[in-house]
Amino acid sequence: MGSAGLNRARDKMVAAGVDEVAIETFAHYFRLLEHGETGMIPESSIEPVDMPALSEVSVSDEDGAAAIRKTAVIKLNGGLGTSMGMDRAKSLLCVRRGLSFLDIIARQVLHLRVQYGAPLPLIFMNSFRTSSDTMEALARYEDLRVDGLPLEFLQNKEPKLLVKDLSPVSYPKDPDLEWCPPGHGDLYTALRGTGLLDRLLEAGYERVFVSNSDNLGAVPDARVAGWFATSGAPFAIEAVRRTPSDKKGGHFARRRNDGRLVLRETAQTLPEDQAALADLDRHPFCSTNNLWFDLAAMKKALDERQGVLGLPLIRNVKNVDPGDKKTPEVVQIETAMGAAIEVFEGSQLIEVGRDRFVPVKTTNDLLVLRSDVYDIGRDFVLDQVAVELPYVDLDGDFYKLVGEFDKRFPDGAPSLRKASSLTVDGDFTFGHGVQVVGDVALAAGSAQRVAADTVLSEAEPTDG
């Protein structure tokens, strides 16, 4: 079963022009699947972990400036925002004043280059679906590209495998759905396969800062760069304290048998360990997906392992068409880039503030980002000016898709600076200058309009 399936998958990847390193990496994980590997991390095999806080460590201005001058920045930009109804790069979404995620990221980096006299190359890991739109949007920033280095490289793709026999799925109705990305752990495979890892080293760069393009808090900060450079660690991840909204997400821990740090994702947690996963007291830290690694250490590890870093397998079972549960079930072989923390001896964690973790995964997050909860300064860094980050829960029937969301905020987001929470159950369109104060819940059985300049400060009665 496995041999035939692997051979067919290999042939399919070769025909599609997939890089040889990526094919060998895929083959490594395919064999693990054949042997029944699930990638699960039992609670009994790990223990809680603690870490220093960035606010409490000493980093000199000189160390920070020196470190940022030898740092390259990679933004993961392969996502299409399909969960919000988008069919192009999510980073093209407008955030504020006509600026998209890409605009703000580019301007953050350009500002830091001037501030520190640093080349600070910015490179996007795009997918085949996001490359064209992204490069077109960035063309306006003529000074963004650094000589000798590309502005982008492409992540790999792999075939989805039928659950029943691990053969590559065929779906003539939409052949694109026969493929999936290998998870963001593909970063290391793509860096090596494209030759970018060697090019960065040859150009004199010592470390890389990686983050998601939908997290505008992930600025390549000199203080964090200085901490990482002086720590001597080969690999590090920025962590934040988990909140109730993070209960279903992954967390950091330490493996009992060898003391290595691990990142356990939800998909790697056994059903009987779900309560421990959600226990914020036992496992208080989750990943920002902001990570730092030493380029020389990464090259050494990849060379020693023939290009296969050996990250823990994530066996993700879905339908070949995620929007149609009647289509065949498939396995997507995935890895998480943060899981590389267990590969390197001496890896470290650093606790950072929530200001470095502002991800936009839903339109709830987008509304907060577009509101006055944050100011954007001349350095294009987000500054949380609200005392607290409000909890927002918009009715998915009307607000989940960006197009429908935008229709209901035609004059921009309401003021949330004084809000504790905003819950919307029903179809509401918001006028200009609406303010939300404290805890507000709106509910209605028919379409409603919140008039311009309304101050919402208490729960509204349900309409019929």
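Treat the numbers as computed from the prediction; the structure is a model and nothing was measured. (Residues numbered from 1 in each chain as written. Predicted model: local features only at pLDDT ≥ 70, side-chain atom pairs only at ≥ 80, totals over all residues. Heavy atoms only, no water.)

Engineer: Teacher, can you tell me more about the overall build of the chain here?
Structural biologist: When helices and strands are counted, the chain shows 13 helices and 25 strands. Against the 2.2 N^0.38 benchmark of 23 Å for 464 residues, the chain shows a C-alpha radius of gyration of 23 Å, consistent with a compact globule. Out of the 464 residues belonging to the chain, those deemed buried represent 53%. Across the chain, contacts joining residues at least 24 apart in sequence account for 70% of those joining residues at least 6 apart. (Helix = DSSP H or I, 4+ residues; strand = E, 2+ residues; numbered from the N terminus. Rg over C-alpha atoms; globule rule 2.2 N^0.38 Å. Buried < 20%, exposed > 50% of the residue type's maximum accessible area, 1.4 Å probe, protein only. Contact = heavy atoms within 4.5 Å.)

Engineer: Looking at this model, I keep getting lost on the nonpolar core. Mind explaining?
Structural biologist: Soluble globular proteins: nonpolar side chains tend toward being buried together. Among the nonpolar cores identified, the biggest contains 76 residues, and Leu369, Leu416 and Phe430 are the most heavily contacted of them. A total of seven residues in this core trace back to one element, the largest contributor, which is helix α4 (residues 101-116). Non-local contacts of Leu416, meaning those with residues more than four positions away in its chain, are made with Leu367, Val368, Ser371, Asp372, Val373, Pro390, Val392, Leu422 and Val436. Listed in part, the 59 residues of the second largest apolar core include Ala9, Tyr188, Ala297 and Val331. (Core = buried A, V, L, I, M, F, W, Y, C linked by side-chain atoms within 4.5 Å.)

Engineer: Sorry if this is basic, but what is going on with the packing of helix α2 (residues 20-34) against helix α6 (residues 186-193) here?
Structural biologist: In a pair of packed helices, the angle between the axes and the distance between the axes together describe the arrangement. Where α2 meets α6, the closest approach of the two axes is 8 Å, and the angle between their N-to-C directions is 145°. Crossing angle aside, the handedness with which α2 passes α6 is right-handed. Touching Val21, Ala22 and Thr25 of α2 are Thr189, Arg192 and Gly193, all from α6. (Axes fitted to C-alpha atoms, helices over the stretch in contact; angles between N-to-C directions. Left-handed = near helix turned anticlockwise from the far one by under 90°.)

Engineer: How do you make sense of unusual backbone geometry when you look at a structure like this?
Structural biologist: When glycine is set aside, most residues are seen to have a negative phi, and most peptide bonds are trans. Although it is not a glycine, Leu166 sits at a positive phi angle of roughly 60°. With respect to the secondary-structure elements, Leu166 resides in the loop between β8 (161-162) and β9 (179-180). For Phe380, which is not glycine, the phi dihedral falls at a positive 65°. Here Phe380 lies in the loop between β18 (374-376) and β19 (382-384).

Engineer: Explanation requested: the packing of helix α3 (residues 61-68) against helix α8 (residues 222-231) in the structure shown.
Structural biologist: It is the contact of α3 with α8, at a shortest axis distance of 7 Å, that shows an interaxial angle of 90°. By the angle between their directions, the pair α3 and α8 is classed as roughly perpendicular. The residues of α8 that touch α3, namely those facing Asp63, Gly64, Ala67 and Ile68, are Ala222, Ala225, Gly226, Ala229 and Thr230. (Parallel < 35°, antiparallel > 145°, perpendicular 65-115°, else oblique.)

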